[in-house]
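Notes for the structure review
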Amino acid sequence: MRILLAISGGIDSMYLANKASELFPGACFAAAHCNFQLRGEESDGDERFVREWCAAHGLPLFAKRFDTKAAAAERGISIEMAARDLRYEWFGELCAANGFDALATAHNANDNAETLILNLLRGTGSKGLRGISDGRCLVPSVRILRPMVGLSRKEIEKWMRQNGCGWREDSTNRESVVKRNVIRNEVFPVFERINPRFIDTLNADMKRFAQVDDIAEDYFLSVKDSVTDGQGIRIDAILKLKHWEYVLWRFLEPCSFSQETFEKLTALMGRFSSEKRGTVTLGGKTFESPSHIVKALRGHLVISLRNPQGR
């Protein structure tokens, strides 16, 4: 098995680099390092450190510099999101071009807990409660592996210090500017005072959330065909379901409807299904998201793109 290791030079990725042969017995490795050129000499220092470490340990290295700020402006997204997109796009290209079977990243239990809180704050469905996914495909036939997701940052640091392993510190991690750093630097210390083992608690809960989400997904798949036909979602049929609001939400989940719009739709449907349904009409009602329109038409909810021809 050939595995590409995502190595930034930080403590987590250097733990991955040092432990790779133990984490993946019998595998062959190469490293990939991204220089996003966001921290000047510090970013260049990270690259030099990774290059020197890989040379000293005989690990083949792919390294690339990105104009991350320009990419963010061009794509109309945040610098953090641009860095993430650039990173995984390049990793996918490397894996496809060089025959890697998997990409391994250094996400740990703290990262997983941070992701859960971020998802909750931005609004998430049950899938967002699963935390960081493992095993999904980067490109066809290339999986993303996260072997450290069960390890806390404290455990990682303890091992690195005990074994005299070096790493680079990202000075921006101490700045509570981006949302993840606010959670890491300001929120989690409060959580730790309440429950010193909160990282373990949240990660254990995420495993249970994932099981519940699988059950909910099975339920949705078991009923979806019974409430749809060639015209759309049959209003009468979906309202007969005990968990019709969840099923409706799952149909609309890919459409980016706001919580407010979804609540208006479900409130109207709830009134329609009550004993006063004769006084409530759904026909012609329209609900919009940035990308989609839902219209009540001839006893159906019809979902369509706002701009199907890209105009």
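On a predicted model such as this, the values are computed, not experimentally measured, just so you know. (Residues numbered from 1 in each chain as written. Predicted model: local features only at pLDDT ≥ 70, side-chain atom pairs only at ≥ 80, totals over all residues. Heavy atoms only, no water.)

Re the packing of helix α3 (residues 68-75) against helix α4 (residues 79-98)
- Where α3 meets α4, the axes come as close as 8 Å, and the angle between the chain directions of the two elements is 105 degrees. Taken together, the axes of α3 and α4 lie roughly perpendicular to each other. Judged by residue contacts, T68, K69, A71, A72 and R75 of α3 engage I79, A82, A83, D85, L86 and E89 from α4. (Axes fitted to C-alpha atoms, helices over the stretch in contact; angles between N-to-C directions. Helix = DSSP H or I, 4+ residues; strand = E, 2+ residues; numbered from the N terminus. Parallel < 35°, antiparallel > 145°, perpendicular 65-115°, else oblique. Contact = heavy atoms within 4.5 Å.)

A closer look at the sheet that holds strand β5 (residues 137-139)
- Strand order in the open sheet formed by six strands is β3-β2-β1-β4-β6-β5, and the pairing between neighbours is mixed. Each edge of the open sheet carries a strand with a single partner, namely β3 (61-65) and β5. Looking at each pair of strands side by side, their axes are set apart by 30 degrees on average, direction ignored.
- Sheet analysis places strand β1 (residues 2-6) next to strand β4 (residues 102-104), joined by three bridges and oriented parallel. Within the sheet, the bridge partner assigned to L4 lies in β4 and is L103.
- Along the sheet, helix α1 (residues 11-23) makes contact with β1, β2 (28-35) and β4, crossing β1 at roughly 155 degrees. (Pairing = 2+ DSSP bridges.)

Some thoughts on the pattern of salt bridges
- Considering all chains together, one arrives at 28 salt bridges under this definition.
- Notably, a salt bridge pairs R153 with D12, separated by 3.7 Å at the nearest N-O pair. Placement of the pair is R153 in helix α6 (residues 153-162) and D12 in helix α1, with a sequence separation of 141 residues. Each member of the pair, R153 together with D12, is buried.
- Residues R130 and D214 are paired through a salt bridge, measuring 3.0 Å at the closest nitrogen-oxygen approach. (Salt bridge = Lys/Arg side-chain N within 4 Å of Asp/Glu carboxyl O. Buried < 20%, exposed > 50% of the residue type's maximum accessible area, 1.4 Å probe, protein only.)

Let's talk about the side chain of N203
- If you trace the backbone, N203 turns up in helix α8 (residues 198-223).
- Only 2.8 Å separates the side chain of N203 from the backbone oxygen of I199, close enough to count as a polar contact.
- Every residue in contact with N203, bar those within four places of it in the chain, is listed here: A109, N112, A113 and V149. (Polar contact = N/O pair within 3.5 Å; in protein donor to acceptor, adjacent residues only side chain to side chain.)

Structural notes on the pairing of β1
- By the criterion of burial, β1 is predominantly enclosed, with four of the five residues buried.
- Pairing analysis gives five bridges linking β1 to β2, with the strands arranged parallel. The residue bridging L4 from the neighbouring strand is A30, located in β2.
- In this fold, β1 hands off to α1, which returns the chain to β2; that crossover is right-handed. (Right-handed = clockwise from strand over helix to strand, strands pointing away.)

Some words on the nonpolar core
- Counting residues in each nonpolar core, the largest one holds 26 residues, and the members touching the most others are I3, L5, I7, L16, F24, F29 and M160.
- Those elements that provide at least two residues to this core are β1, α1, β2, α2 (41-56), β4 and α6.
- Counting residues per element, this core draws most heavily on α1, at six residues.
- Once you skip the residues sitting within four places of it in the chain, L5 turns out to touch L16, A17, A20, F29, A30, A31, A32, L59 and A104. (Core = buried A, V, L, I, M, F, W, Y, C linked by side-chain atoms within 4.5 Å.)

By themselves, these figures tell us nothing about what the structure is for.
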